[in-house]
Structure formats: C-alpha cells, structure tokens
Amino acid sequence: EGYNWYTKQWSNETQISGKIMDDKLNYIVGVYLGDVKQGTLTPTCAFCDVPGAFLGTPTTWGVQNVFGGERENKSKAVFAQFTYKISDPLSFTAGYRHTWEEQSITRAPRDRSVLLPRAVTAFASLKVDKPSWTLSLDYKVNDDLLLYIAQRGSFRTAGYNIDNTVPDAQGRPSNNAYKTETTTDVEAGIKFAGDLGLVRSRLNLALYNQSVNDIQRAVYLGIAAVTGNVDKARIRGFEFDANFDISSNVEIGGNLAYTDAVYNDPDAVAGGRNFVYGPYGDAPKWTGSAFAKVSKELSNNLGTAYLRGEIYTQSSFYYSNLANTFTVNTLIDGYSLVNLRAGLDNVGGSQFSLVAYVQNLTKKEYYVGGLDLGAVIGTSARLVGTPRTFGIQGTYTF
C-alpha cells in the first residue's frame, strides 16, 4: 500500500601483493572506494497491512504524512600490511588502514502529495576518519605448535536515526545522532596440529580482552528502534576447540567458549533520553559442544558409512541490554540440544553422498532470543527455538 524501499551500491578495491627480501617479507597494499544509497518512503496509516483496513490509497501515500528519506554512505580507505620473517620460528605482522567515511541524510517532506523518493529536503551530514590496525608476533615452537599474541584496534562509524526525529527550526538534527564506536583488543593463543601419543590431534586456544568506547546499542522508543551510545564496555574470555582421531574409524571433539561481557560505564543517551544499560545482552557466559563420529568403509565398494552425534549447550543470557532498568524479565534460560546424523559417503564408489539427520532429537522447548518492546507496547516477546526437525540430504560433488 505505497511502501517504497530501495538500495543502490557500488565498491571497488585494488590490491598489490607480493614477496621481497628473499621471500622474508610478505606485503599487501591497497585502496578501497565505496558508495551506498538506501532510501525509504513510508505512509503513515493505521493497520496498513490488514486487507481492507488501509485508510488511504497508494496515490496519496496514506492518511497524514510521508516519513522517510535517503541515507548515503561514502567510504574510502588506504591500507597496507606486511609479515616479516625475523627468523625461522619468529614472524612479525603489522597492518594499518585509514578510512574516511562521509554520511549524508535527506528527508522526505511531511506532505502526502509528494510521491517520488527523490523529492526530499536537506537534513544532515557528518564526516568521520579513523584508523584500524593489527600487530602480532607468531612463534613456531616446532612443526606442530604455534604461539601468537596480537593487538588490534578499529571503529564503527557514527550515524543518524533517519526515521525517528525531524530537524529543529534551523534544520539541524534533533537528538537523533549517535557517535563513533571505537574498540581495541589483545589476544594470545596456541595452535597445535600433531600427535599426542598415538592420537592425531588438533587443538586451538585463544584468550582475549576487548575494550569498547561509545558502544552503539539500539533501544525501542515510541514506534521504532533508536541507536545511541553506551559509554564503555569490556568483553573478555577464551575459546577452545579440539579434535582427536582416536582411530581410523573414530573421531571425537568439541569446543568451549567463555564470555565475560559487562558495561563498565553503563550510562547512555539514545533518542535524546538517558538510560543505564546492563546486563550485557545476547552474551551467554558459557557455550560449548561435543561430538563423536564413527565411520566404516563398506565392502563391495558400497561407500563409507558413518554415524555422528552432537550435544550443544549454552548458559542463560538476557535478550535485552536494559534488563536491570528498563525492560525487566528478559532472561532466557540455558538449554542443551542433541543432534544426530547418519550418512553414506561415495555411494557405490561415486561422488554422491547421502545423509539422514535429526536436529533437536529430544524435542527440547527453548528460546533463542527476543524483542524488547517494553517501551513501545509495555511487554516483550521471546523467540522460540527450532523444534525437532528431520530430513534427508543428498550431495553430489564435481
């Protein structure tokens, strides 16, 4: 009934890469250019999507006003990265990227007689330029074991909430801008691929600590989501995964992740209103999975049959970032799922494989997230997880 959205974009990246200094130095340098235009015109009406209840016509764009406009993001960047082999076991990597972002907003007039998306009025613009970088040291203890430490920094550009506020009397944005988010982190880890005794093994462990300033977060106000900035956040934890080839027919493995995320300066402004954020949303402290796979090559060239079982689990988490102050009762309990796969690879010596699978074998009832609409309609909603699902899948490789 008169809704109009459109997107136009283009980008180009040119790179030069190679090796010099007797292959001790690997390098890459480049330039990036991009432009994205996104527009929307939305009629203001009651029950627009209910058949027969639309109160206007597509030719008048609704009852009262037309909301929307166009956002254009221009981006350009230069970057370079090199890895220098200091010695046989030790390598140093350094990379730098400088990005220039320019954003302009135009807005549709509040006039239902305006029909064309391009019939807009000037609204606001901003420019941001920031660096991103990476520094790391890799030490190869032997052919099986690698140690590394890395430090990185980057940003997410500032912007405007185009559909939520209008310019003031001077044509300037009215409490609808949000600031640039910046982040730095440190990560250290171990990578192993070799034999542990008689077992072929792969192990990876990473520990990290990340700090974020002016972290961008959205909150629903009135009839739409508004992005604002929380002063500071900190995320730290570890990730571990392992695979073990117990024999030629048996493989076991799994992964485990711990995430400790907090708003250590939780004050925020969004849509001209003050908020206190916390706990950190959509971040379960623990997630993990374990699997076992048994396979056997069948006689008469029938193929390789296998059975794989997996358990996935995660702890509780909040689906709102304002559970302590604004949208209460938004905690989702932890849950565990069991998945099974039975397959036959290279059927009859061909390149065809067949598998039957069951997801959520135990028919676990669980939730995977939610929509915190407490400030809009006074209640929130949780999203139901996928029920028990089964099927058959065939794959042909060529």
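Quick summary incoming for the structure in this document. In this text the structure is predicted, and so the values were computed from the model without any measurement.

## Describing the overall build of the chain
When its secondary structure is counted, the chain shows 1 helix and 22 strands. For the chain, the residues scored as buried account for 33% of the 398 residues in total. At a minimum sequence separation of 6, the contacts of the chain that also span at least 24 residues come to 63%. As displayed, the chain offers around 22800 Å² of accessible surface, 55% of which is attributable to carbon and sulfur atoms.

## Quick notes on the pairing of strand β9 (residues 181-196)
Alignment of strand β6 (residues 145-156) against β9, held across 12 bridges, turns out to be antiparallel. Along β9, the bridge assignment pairs F155 with T182. Inspection of the sheet shows β9 paired to strand β10 (residues 199-221) by 15 bridges, in the antiparallel sense. The residue of β10 that forms the bridge with D195 is R200. Two successive antiparallel strands, β9 and β10, enclose a turn made up of 2 residues, where G197 displays a positive phi of approximately 70 degrees.

## What about the side chain of T330?
Among the secondary structure elements, T330 is positioned in the loop between β16 (317-318) and β17 (331-332). Apart from the residues lying within four places of it in its own chain, the contact partners of T330 are F317, Y318, Y319, S320, A323 and S380.

## Here we look at a nonpolar patch on the surface
Together, W10, V31, L33, V78 and W100 give the surface a local cluster of nonpolar side chains, amounting to about 460 Å² of exposed area. With respect to the secondary-structure elements, W10 resides in strand β1 (residues 4-20).

## Here's the deal with the nonpolar core
Within the largest apolar cluster, 16 residues are counted, with the highest numbers of intra-cluster contacts made by I215, V219, Y263, F275, Y277 and Y280. The residues contacting V219, other than those within four sequence positions of it, are A224, A225, V226, A270, F275, Y277 and L322.

## Describing the pairing of strand β12 (residues 250-270)
Where strand β11 (residues 224-245) lies against β12, 15 bridges are found, and the strand directions are antiparallel. Bridge assignment links D241 to a residue of β12, and that residue is N255. Hairpin connection, β11 to β12: the antiparallel pair is bridged by 4 residues. Bridging between β12 and strand β14 (residues 286-297) involves 9 bridges; their strand directions are antiparallel. The residue of β14 that forms the bridge with I252 is A292. Strand direction decides the pairing type here: β12 and strand β13 (residues 273-276), joined by 4 bridges, are antiparallel. Considered in β13, the bridge of A268 is made with F275.

## Details of unusual backbone geometry
The amide bond that connects G278 to the next residue, P279, takes the cis arrangement and shows omega of -10 degrees. For P279, the position within the fold is in the loop between β13 and β14. Here D214, not a glycine, exhibits a phi torsion of approximately 55 degrees, which is positive. Here D214 lies in strand β10. Although it is not a glycine, D282 sits at a positive phi angle of roughly 55 degrees.

## Regarding the environment of P266
Note that P266 resides in strand β12. What makes P266 partly exposed here is its relative accessible area of 23%. The spacing of P266 and A233 is 33 residues in sequence and 7.6 Å in space, taken between C-alpha atoms. Setting aside its immediate chain neighbours within four residues, P266 contacts V230, F275, V276 and Y277.

## With respect to the pattern of salt bridges
Side chains bearing opposite charge may pair, as long as their charged atoms lie close to each other. The tally for this structure, following the rule as stated, stands at 10 salt bridges. For R202, the salt bridge goes to E251, with nearest N and O atoms at 3.7 Å. With a gap of 49 residues between them, R202 in strand β10 and E251 in strand β12 connect regions that are remote in the sequence. R202 sits in the partly exposed class, given a relative accessible area of 32%. Its salt-bridge partner being D260, residue K285 comes within 3.3 Å of it at the nearest N-O pair. With a gap of 25 residues between them, K285 in the loop between β13 and β14 and D260 in strand β12 connect regions that are remote in the sequence. Taking the relative accessible area as the measure of exposure, K285 reaches 38% and is therefore partly exposed. Classification of D260 as buried rests on a relative accessible area of 11%.

## Some thoughts on the packing of aromatic side chains
Counted under the stated rule, the structure contains 10 aromatic pairs. Measuring from centroid to centroid gives 5.2 Å for F275 and F326, while their planes differ by 90 degrees, and the two rings are edge-to-face. Taken together, the positions of F275 in strand β13 and F326 in the loop between β16 and β17 put the pair 51 residues apart, joining distant regions of the chain. Residue F326 is classed as partly exposed on the basis of its relative accessible area, which comes to 31%. Between the aromatic rings of Y396 and F398, the centroid separation amounts to 6.1 Å while the plane-to-plane angle is 25 degrees, which identifies the pairing as stacked. These aromatic residues form a ring-pair network of at least three members: F238, Y258 and W286. For K293, the ring lying beneath its charged end belongs to Y306, and the centroid distance is 4.6 Å.

Cut-offs applied
- Residues numbered from 1 in each chain as written.
- Predicted model: local features only at pLDDT ≥ 70, side-chain atom pairs only at ≥ 80, totals over all residues.
- Heavy atoms only, no water.
- Helix = DSSP H or I, 4+ residues; strand = E, 2+ residues; numbered from the N terminus.
- Buried < 20%, exposed > 50% of the residue type's maximum accessible area, 1.4 Å probe, protein only.
- Contact = heavy atoms within 4.5 Å.
- Areas by Shrake-Rupley, 256 points an atom, 1.4 Å probe, with all protein chains shown as cover.
- Pairing = 2+ DSSP bridges.
- Patch = residues over 30% accessible without salt bridge, like charges linked within 9 Å, V, L, I, M, F, W, Y side chains within 5 Å.
- Salt bridge = Lys/Arg side-chain N within 4 Å of Asp/Glu carboxyl O.
- Core = buried A, V, L, I, M, F, W, Y, C linked by side-chain atoms within 4.5 Å.
- Phe/Tyr/Trp six-rings, centres within 6.5 Å; stacked < 30°, edge-to-face > 60°.
- Lys NZ or Arg CZ within 6 Å of the ring centre and 35° of its normal.

These results come straight from atomic positions and should not be treated as a statement about function.
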